[in-house]
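Breakdown of the fold
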Amino acid sequence: MSRATVELPAATRAFLTRPHTATLTTLRPDGAPHVTPVRFTFDASTGLVRVTTGAGSRKARNVVAGGPTARVALCQADGFRWVTLEGRAAVTDDPARLAEAVRRYTVRYRAAPPAPLDLVVVEIAVDRVLSLNL
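Residues numbered from 1 in each chain as written. Predicted model: local features only at pLDDT ≥ 70, side-chain atom pairs only at ≥ 80, totals over all residues. Heavy atoms only, no water.

Attention shifts here to helix α3 (residues 95-109). An α-helical turn contains 3.6 residues, so a residue and the one three or four places further along point in the same direction. Over its 15 residues, α3 runs 21 Å from end to end, which matches the ideal 21 Å to within 8%, given 1.5 Å per residue. Lining the buried residues of α3 we find β3 (41-43), β4 (48-54), β5 (71-78), β6 (81-92) and β7 (119-132). (Helix = DSSP H or I, 4+ residues; strand = E, 2+ residues; numbered from the N terminus. Expected span 1.5 Å × (residues − 1). Contact = heavy atoms within 4.5 Å.)

Our focus in this paragraph is the sheet that holds β4. Here seven strands make up an open sheet; going across it, the order is β2-β1-β5-β6-β7-β4-β3 and the pairing antiparallel. Pairing within the sheet leaves two strands with one partner each, and these edge strands are β2 (33-38) and β3. Put simply, the sheet's adjacent strands are angled 30° from each other on average, direction ignored. In this structure, strand β1 (residues 22-27) lies alongside β5, joined through four bridges in antiparallel fashion. Note that in β5 the partner of T23 across the bridge is C75. Strands β3, β4, β5, β6 and β7 of the sheet are contacted by α3, whose axis makes an angle of about 55° with β7. (Pairing = 2+ DSSP bridges. Axes fitted to C-alpha atoms, helices over the stretch in contact; angles between N-to-C directions.)

Here the structure, examined in full by the defined rule, presents eight salt bridges. Put simply, D43 and R104 hold a salt bridge, and the shortest N to O gap is 3.1 Å. Here the residue D43 occupies a position in strand β3, and R104 occupies one in helix α3, the gap between them amounting to 61 residues. For D43, a relative accessible area of 10% puts it in the buried group. For R104, a relative accessible area of 23% translates into the label partly exposed. Put simply, E86 and R71 hold a salt bridge, and the shortest N to O gap is 3.9 Å. Pair noted here: E86 is in strand β6 and R71 is in strand β5, with a separation of 15 residues, a long-range link. Here the salt bridges share partners, and the residues they tie into one network are D43, E100, R103 and R104. (Salt bridge = Lys/Arg side-chain N within 4 Å of Asp/Glu carboxyl O. Buried < 20%, exposed > 50% of the residue type's maximum accessible area, 1.4 Å probe, protein only.)

Written out as structure tokens, the structure reads:
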């Protein structure tokens, strides 16, 4: 998955480090949106969002079904302040990438993420950012 550096204002970067929950929107095979709350991390230097989940979760299955062109949107909101990160997504169970996702999650949320036996990470290469009041 290619990654592009995402240039964000300091206020937006700071907002994305707060331990909030976001919503992740994926597309089901029939094209219907699936929206679910998630915890995530964002690396502005690589433009990569990481979401840990189970391989059998609907969000992971949707990304896999979408193939290499699967697009998703992740939105973090706090009142009338919000940022949406859009991009192509892929699912991996690579041990090094999982370990990095877990490490970053633990730093951000001060607790390890849930660890189902089928743990995977959804990686999103952000190529579009929308925001309001940041």
